[in-house]
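Report on the structure
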Amino acid sequence: MAQEDVFKKIVSHCKEYGFVFPSSEIYDGLAAVYDYGQMGVELKNNIKKYWWDSMVRLHENIVGLDSSIFMHPTIWKASGHVDAFNDPLIDNKDSKKRYRADVLVEDQIAKYEDKIEKEIAKAAKKFGDTFDEAKYRETNPRVIEHVAKHDALVERYKKAMNSNDLNELREIIVDEEIVCPISGTRNWTDVRQFNLMFSTEMGSTADGAMKIYLRPETAQGIFVNYLNVQKTSRMKIPFGIAQIGKAFRNEIVARQFIFRMREFEQMEMQFFVRPGTEMEWFKKWKETRMKWHQNLGFGADHYRFHDHEKLAHYANAATDIEYKMPFGFKEVEGIHSRTDFDLSQHEKFSGKSIKYFDPELNASYTPYDIETSIGVDRMFLSILFASYKEETLENGESRVMLKIPAALAPVKLAVLPLIKKDGLPEKAQEIMNTMRFHFNCQYDEKDSIGKRYRRQDAIGTPYCVTIDHQTLEDNAVTLRNRDTMEQERINIDNLLSIIEDKVSMTSLLKNLI
Ligand code: ATP
């Protein structure tokens, strides 16, 4: 299936089965804002639990926090967001479409990478076992040419971004002959900076009202509570604070479903360390976070690290964990070594000391910080991409299935009476009433059993039990496995012990330690 089709299919699947709806749909929607339906909210909650438990439960030195969305406006001055939380935008004069100038250039860099990879793959196929990739890279004229163009562009781009040179950014777009995908022309405006923060007013009178911002990241709520948490939890460095919450960005380009939203949710953890040890911890958190992703079993080749060409004003190292979406490898999580920038800035702007006294060193210092920051919505999207399957069955019928890891699946067990009479619904309700205390179950008595299985496959339910007339006599049910479609007859008394372990979060978490 073409990758573009996969994307379209998933968007409509999400709507049809209650995962994601466009926001305010009956009013024709609101750009880049989405609502999570009855299935989506369950999957989202399970993703958050997987992250939260992996951070807060599995690490004795990480605690949680839930700070407000509204914060004192000076916080955003101190953090640099008022002055520098900008994206460079450019318009195409013919199509009137707006683009992020940096994204246009990064896409061009990716095109060169793609060309190189394709040459290598072609040669590897041609030469088979005797293929020497390193040698081919060194000697093949086409690869050499692509690599040279790629490296020169990366260098030029890095320089332009680091010096905030908007004219040079435009020149790069012109020199690389980048065209607007809609109009196909190179008729570009100048590049301008655009601040991504939403603002509103707090207070009732016009005179006394204060301009405040909707937070564009949850991180600052952690920094300004650093002292409160450290003192009341008596945490010793190194330690971390984790938080899940909404963030808001007035994104310039917002046309990739829940990949880029104006209101989204982040799961962020700030890990405070001794100055000088931050690179060691950066490396450790890179590994830990990659393991968390790969633990879902979608295949290691679906993920890669992408080190930043341009470091943010606060960072001395940064990488992204990218997932292979149908529209290319894209960032799902950022891991940043933020130095002591944020705590020092808040110390400066608030006039309060945020130093840590290290009893082992007998010295005070401002801790350095490693951040892991992942978007719940992008994670959600990557899980859908990875788990969406269309299968043709032996009998010629087809099924659409979401092969979501059982622990994350919105519904764990569907309870299905074969028919709607003869006491079968009552028996099924008895099972519901035992199982619902352990995990999310769904009762369904409508349509043929085949149709009901298909509906459960489409929402990713790992197990179904069918109650038939025989059940009333021998207390046994048919347990059906989503992935293998195998059915086995089991006693109701064993049902819980057979599935509980497989669908529990513990099954995922225990591989992480
Ligand atoms: P991008 O370069 O794609 O705009 P970013 O580097 O600005 O992302 P961060 O500031 O590092 O993103 O935010 C951390 C995480 O929050 C991202 O990895 C992503 O998963 C998520 N995120 C950021 N912006 C959005 C958005 N507009 N919609 C959905 N998720 C987002």
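The paragraphs below set out a description of the structure included in this document. Small disclaimer: the values here were computed from a predicted structure and weren't measured. (Residues numbered from 1 in each chain as written. Predicted model: local features only at pLDDT ≥ 70, side-chain atom pairs only at ≥ 80, totals over all residues. Heavy atoms only, no water.)

What about the site of the ligand?
The following threshold applies: Whether a residue is near a molecule or strand depends on its heavy atoms: it is near if one of them lies within 4 Å of it. For this analysis, a polar contact is any N or O atom pair within 3.5 Å, provided that within protein one partner can donate a hydrogen and the other can accept it, and provided that sequence-adjacent residues contribute only side-chain to side-chain pairs. To be clear on the numbers: accessible area is Shrake-Rupley with a 1.4 Å probe, and residue cover counts the displayed protein chains and nothing else. Segments assigned H or I by DSSP are reported as helices when at least four residues long, segments assigned E as strands when at least two residues long, and all are numbered from the N terminus.
As a structural note, the neighbourhood of the ligand is formed by 16 residues, with Glu251, Arg260, Met261, Glu331 and Val332 the closest of them. Glycine 375 places a polar main-chain atom, nitrogen or oxygen, 3.0 Å from an oxygen atom of the ligand. Its free accessible area being 590 Å², the ligand has 87% of it covered by the protein chains. Residue assignment for the shell around the ligand shows that the elements contributing at least two residues are strand E10 (263-273), strand E13 (328-339) and strand E16 (368-375).

Considerations on the sheet that holds strand E19 (residues 413-417)
Here is the rule we go by: Any two strands with at least two DSSP bridges between them are considered paired. Orientation is described by axes fitted as lines to C-alpha atoms, over the contacting stretch for helices, and by angles from 0 to 180 degrees between their N-to-C directions. Any pair of residues with heavy atoms lying within 4.5 Å of one another is described as a contacting pair.
In spatial order, the strands read E20-E19-E21-E22-E23; together these 5 strands make up an open sheet with mixed pairing. Each edge of the open sheet carries a strand with a single partner, namely strand E20 (441-443) and strand E23 (487-491). Sheet twist, expressed as the average angle between the axes of neighbouring strands with direction ignored, equals 25 degrees. Inspection of the sheet shows strand E21 (residues 463-467) paired to strand E22 (residues 476-481) by 4 bridges, in the antiparallel sense. Bridged to cysteine 464 within E22 is arginine 480. Helix-sheet contacts for helix H15 (residues 449-459) involve E19, E20, E21, E22 and E23, and the interaxial angle to E19 is about 170 degrees. Strands in contact with helix H17 (residues 492-503) are E19, E21, E22 and E23; relative to E23, the strand with the most contacts, it is inclined by about 120 degrees.

With respect to the sheet that holds E16
Whenever strands of a sheet pair, they do so through backbone hydrogen bonds, lying parallel or antiparallel. In spatial order, the strands read E3-E9-E10-E16-E13-E12-E11; together these 7 strands make up an open sheet with mixed pairing. The sheet terminates laterally at strand E3 (62-65) and strand E11 (303-307), the two strands that pair on one side only. Here the average twist between neighbouring strands, direction ignored, is 25 degrees. When strand E12 (residues 317-325) meets E13, the two strands line up antiparallel, connected through 9 bridges. When the bridges of E13 are listed, tyrosine 323 appears paired with lysine 330.

A word on H17
How we decide: In this analysis, the expected span of each helix is defined as 1.5 Å times one less than the number of residues it contains. Partly exposed describes any residue whose relative accessible area lies between the buried limit of under 20% and the exposed limit of over 50%, with all areas from a 1.4 Å probe on protein chains only and scaled to the type maximum. As used here, the arc is the angular range of directions from the helix axis to the C-beta atoms.
Between its first and last C-alpha atoms H17 spans 17 Å; for 12 residues at 1.5 Å apiece the expected length is 16 Å, and the two agree. Looking only at H17, the buried set comprises Ile492, Leu495, Leu496, Ile499 and Val503. Here the buried residues of H17 occupy an arc of 105 degrees about the axis, which is enough to place them on one side. In H17, the exposed residues that point more than 90 degrees away from the buried face are Asp493 and Ser497. Here H17 starts with a cap whose side-chain oxygen sits 2.9 Å from the backbone nitrogen of aspartate 493, and that cap is asparagine 491.

As far as function goes, none of this settles anything; it's purely spatial.
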